[in-house]
Amino acid sequence: MSPKIKYINGRLGELATEWKSFDLRQYSDNRHVFRRETISFVHSSDVIGRDEDKENIISMLMKQSEDQNVPVIPIVGLGGLGKTTLAQLAFNDDRVTSLFPLKIWICVSEEFDLSRLLKLIIHSFENLLNDKKFLLVLDDVWNENKAKWVELRNLLRSTDGFSPNKIIVTTRSLNVASIMSSIPPYILKGLPLEDCLTLFTKWAFNDGDERHYPNLIRIGEEIVKKCKGVPLAVRTLGSLLFQKTDESDWIYIRESEIWRLEQHENDILPVLKLSYNHLPSHLQRCLAFLSLYKKDEIYYSDRVICLWMANGLLEHPKQNQEWEDVGKRYLNKLLSRCLIQKEEDFHLKFTFKMHDLVHDLALAVSRRECKIMNSKTKTVDENVRHLFLCDEKLVEVPRVLEKLEKVQTVIVQDSSLRSKIFDKSLINLCVSNFKYLRALELRDSLLTALPNSIGNLKHLRELDLARSEDIRELPRSFYKLYCLQSLNLGATSLKQLPDSVQRLIELRHLVITIEAKHLKEIRAGCWTSLQYLECITVSN
């Protein structure tokens, strides 16, 4: 190891010398290639299905406020749902115009720069800070630094006890909404299917032409369902099909993943990509990892955290924190930014889902490292790190896997049709080829025993064999899995935990079902990292 480290240090020194020779300067504003700009005007005839939302926002604007601070109305939702459009509809309504003699629209976008915002506000109306009542729209806000917002708010606050003015803020982040306003945010939801179909027809055909193509409309209905109520996605796919009347073009769009289709600057994926760009790098990696599962999958928070932990995606915990706390914080961040949605809460864990379009985004940024495989998969990039095998027709391990060496995660979807031959050949492949394997989930396995060679997987951190009913004992080499952090042997036929398992000093999560009536005493100093222990009962 020593010569290798010396060689690496030498190469790093050479690279540092080369870097200095170019005299490069880091430019702080080049992080995001695509900068979004918006304007205040919208044709109301172009907007479908937002009448009720518009009325709700206008009623909030007309409501009298007794607060000295300028009341803020946050509109929160996923990118592409139509937050900006809703703000534009309210901004241009005649009732709002008569109520607010001065109206200002500012696209804040990525940088909440106080001096820039004030210049834009003052440039819009020189008399803004005098006696005239105003409505200010801050569109597309990302700032989560409360101090910056307080500075702006204090400059706009009223001095006579209450403020007749109003501010509308659009954002993708619940954190931004809570920082800028004390009232509950207006959570914008997706459009109903019927409204999506109307919008799709508007973008895919010239007025009235859809009547001549009933076969395309039937395909169009299936395309619209993929959009899950997001207007921008509907518009993107509709515009891709404009003036195309060949059925094969429509079928191609229906069968394709959205992330594989050509996208323009204001289409759905570039807009969603902004949400990804604004995540810190550690959250980007964790979001990308979630693409490893199929669409409409129910995610379990504890299992996701274990997988993130196994693959080294979590930052080191701060004082008085555990790794699991870091994982929970990451999930809460993704929830607050509308990138995942909570389904059920079970106190110690919760389930969540990911919108299909966010899943497409995750696929787009992770396609070199994550791969969902089925019986039709013919090729796999040699750099793939994470595999998800799902297909009832997978009766044998795909030959393409034999060429891979860098795999770190293998997850096999539950399948009643899986064979013993499949499970045995898969685990033998993991041991022989995947030397850097960190996580293996083989639930409902038909294996009767683990191979003794499993002890060779020195990097394995997560092993899930839940509901593998034929496994009765662990191999002698099991204690060699020194890095193991999570072990699930729930609903197995295990007779007893061997003494050697106590050597797994990194173990944090243990789920077991054993036939023994008593567990052996754990020796002092063993399992000191254990956070979670679940004993699933058997009849005795």
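Residues numbered from 1 in each chain as written. Predicted model: local features only at pLDDT ≥ 70, side-chain atom pairs only at ≥ 80, totals over all residues. Heavy atoms only, no water.

### Quick look at helix H2 (residues 51-62)
In this model, H2 (twelve residues) spans 17 Å end to end at C-alpha, consistent with the 16 Å of a helix rising 1.5 Å per residue. Turning to H2, its buried residues number three or more, namely Asp 53, Lys 54, Ile 57, Ile 58 and Leu 61. For H2, the buried positions fall inside an angular range of 130° around the axis, keeping them on one side. Opposite the buried face of H2, at more than 90 degrees from it, the exposed residues are Asp 51 and Glu 52. Contact partners of the buried residues in H2: strand S1 (72-76), helix H3 (83-91), helix H4 (94-99), strand S3 (134-141), strand S4 (166-171) and strand S5 (186-187). (Helix = DSSP H or I, 4+ residues; strand = E, 2+ residues; numbered from the N terminus. Expected span 1.5 Å × (residues − 1). Buried < 20%, exposed > 50% of the residue type's maximum accessible area, 1.4 Å probe, protein only. Arc of directions from axis to C-beta. Contact = heavy atoms within 4.5 Å.)

### As for the confidence of the model for the protein
Overall, the predicted model of the protein reaches an average pLDDT of 87, with 93% of residues at or above 70. Element-level pLDDT for the protein is lowest in helix H5 (residues 114-124), with a mean of 77, against a maximum mean of 97 in strand S13 (residues 462-464). In this model residues 28-34 is a low-confidence stretch, pLDDT under 50, and it forms 14 contacts with partners more than four residues away in sequence or in other chains. (pLDDT = per-residue confidence, 0-100.)

### Describing the sheet that holds strand S2 (residues 102-109)
The strands making up a sheet are joined through hydrogen bonds of the backbone, oriented either antiparallel or parallel. The five strands are arranged S2-S3-S4-S1-S5 in an open sheet whose pairing can be described as parallel. Taken across any chain shown, the strands that pair with only one partner, and hence form the sheet edges, are S2 and S5. Across two bridges, S1 lies against S5 in parallel orientation. In the sheet register, Ile 75 faces S5, and the bridge partner there is Tyr 186. (Pairing = 2+ DSSP bridges.)

### Focus on the packing of helix H12 (residues 268-277) against helix H16 (residues 356-366)
For the pair H12 and H16, the least separation of the axes is 10 Å and the interaxial angle reads 75°. Relative to H16, the element H12 lies roughly perpendicular. The segment H12 lies against H16, with Ile 268, Leu 269, Leu 272, Lys 273 and Tyr 276 engaging Leu 357, Val 358, Leu 361 and Val 365. (Axes fitted to C-alpha atoms, helices over the stretch in contact; angles between N-to-C directions. Parallel < 35°, antiparallel > 145°, perpendicular 65-115°, else oblique.)

### Looking at the state of the cysteines
Evaluated as defined, the whole model comprises zero disulfides. Counting only cysteine sulfurs, Cys 286 is the nearest neighbor of Cys 306, a cysteine outside any disulfide, at a range of 13 Å. The class for Cys 306 is buried, based on a relative accessible area of 8%. (Disulfide = S-S within 2.5 Å.)

### Re the packing of helix H9 (residues 214-225) against helix H11 (residues 247-255)
For the pair H9 and H11, the least separation of the axes is 9 Å and the interaxial angle reads 10°. When the interaxial angle is binned, H9 and H11 end up roughly parallel. Between H9 and H11, the contacting residues are Asn 215, Leu 216, Ile 219, Gly 220, Glu 222 and Ile 223 on the first element and Glu 247, Trp 250, Ile 251, Ile 253 and Arg 254 on the second. The residue inventory of the contact of H9 with H11, partitioned by class, reads six nonpolar, two polar and three charged. (Nonpolar A, V, L, I, M, F, W, Y, C, P; charged D, E, K, R; others polar.)

### Considering the environment of Thr 492
In this fold, Thr 492 is placed in strand S14 (residues 486-494). Sequence separation of Thr 492 and Leu 465 is 27 residues, and the distance between their C-alpha atoms is 8.0 Å. In contact with Thr 492, not counting residues within four places along its chain, are Leu 465, Ser 468, Glu 469, Ile 471 and Thr 513. A polar contact is formed between the side chain of Thr 492 and the backbone oxygen of Leu 489, at a distance of 2.9 Å. At 3.4 Å, the side chain of Thr 492 forms a polar contact with the backbone oxygen of Thr 513. (Polar contact = N/O pair within 3.5 Å; in protein donor to acceptor, adjacent residues only side chain to side chain.)

### Digging into the sheet that holds strand S8 (residues 350-353)
Strand order in the open sheet made by the three strands is S6-S8-S7, with antiparallel pairing throughout. Only two strands of the sheet have a single partner each, and these edge strands are strand S6 (299-300) and strand S7 (341-345). Strand direction decides the pairing type here: S7 and S8, joined by four bridges, are antiparallel. What sits directly across from Lys 342, in S8, is Phe 352.

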